[in-house]
Amino acid sequence: QVQLVESGGGLVQAGGSLRLSCAASGRTFSRYAMGWFRQAPGKDREFVSSITWSRGNTDYADSVKGRFTISRDNAKNTVSQQMNSLRPDDTAVYYCAARSRGDGYYYATLDYDYWGQGTQVTVSS
């Protein structure tokens, strides 16, 4: 069993930055593929970023490429997402997710086994 706890959300002006963190419990965190998703009001939860467990390779949604960076620290059982040049359409609840099998990029919510409770990010214009 893995528990994920996100932090770092908040209110920021357009063009600003935020750094989200996700703290994970569990001894095998280093072998979990991790991802970030977001869900805006009235919309489906959507993929944002993914990171593999073995080499820390990353992939991103087109809408955030060049602005967001996902990273992980296996020694500290954390995954982070640095978000720069934020825009009002980045406003959403952001969720951290973990997958216990495989080592690749995973883009669908059903690909993940564990989820955090979410953290609100609001970008004002």
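Refer to the structure presented above.
Attention here is on the structure that accompanies the text. (Residues numbered from 1 in each chain as written. Predicted model: local features only at pLDDT ≥ 70, side-chain atom pairs only at ≥ 80, totals over all residues. Heavy atoms only, no water.)

One finds Leu-4, Met-34, Trp-36, Val-79, Met-83 and Tyr-94 to be the most contacted residues of the largest nonpolar core, which totals 34 residues. Sorting the residues of this core by element identifies β3 (18-24), β4 (33-39), β5 (46-51), β7 (68-73), β8 (78-83), β9 (92-99) and β11 (119-124) as the ones contributing at least two each. With five residues, the single largest contributor to this core is β9. For Tyr-94, the residues in contact, after removing those within four places along its chain, are Glu-6, Leu-20, Trp-36, Phe-37, Arg-38, Val-48, Phe-68, Gln-81, Met-83, Gly-118, Thr-119 and Val-121. (Core = buried A, V, L, I, M, F, W, Y, C linked by side-chain atoms within 4.5 Å. Buried < 20%, exposed > 50% of the residue type's maximum accessible area, 1.4 Å probe, protein only. Helix = DSSP H or I, 4+ residues; strand = E, 2+ residues; numbered from the N terminus. Contact = heavy atoms within 4.5 Å.)

A word on the state of the cysteines. In this structure the tally under the stated criterion is one disulfide. Across the disulfide, Cys-22 is cross-linked to Cys-96 (sulfur-sulfur distance 2.1 Å). On the sign convention where negative is left-handed, the bridge of Cys-22 and Cys-96, at about -75° about the S-S bond, is left-handed. With a gap of 74 residues between them, Cys-22 in strand β3 and Cys-96 in strand β9 connect regions that are remote in the sequence. (Disulfide = S-S within 2.5 Å.)

As a further point, take the packing of aromatic side chains. Tallied over the entire structure, the rule returns eight aromatic pairs. Centre to centre, the rings of Tyr-32 and Tyr-114 are 6.2 Å apart; their planes meet at 40°, and the pair counts as tilted. Of this pair, Tyr-32 sits in the loop between β3 and β4 while Tyr-114 sits in strand β10 (residues 114-115), and the two are 82 residues apart along the sequence. You can call Tyr-114 buried: its relative accessible area is 18%. (Phe/Tyr/Trp six-rings, centres within 6.5 Å; stacked < 30°, edge-to-face > 60°.)

Across the sheet, which stays open at both edges, the four strands sit in the order β1-β3-β8-β7 with antiparallel pairing between neighbours. Each edge of the open sheet carries a strand with a single partner, namely β1 (4-7) and β7. Neighbour-to-neighbour, the strand axes of the sheet open up by a mean angle of 15°, direction not taken into account. Across six bridges, β7 lies against β8 in antiparallel orientation. By the bridge assignment, Phe-68 is partnered in β8 with Met-83. (Pairing = 2+ DSSP bridges. Axes fitted to C-alpha atoms, helices over the stretch in contact; angles between N-to-C directions.)

Geometric descriptors of this kind do not, in isolation, establish any biological role.
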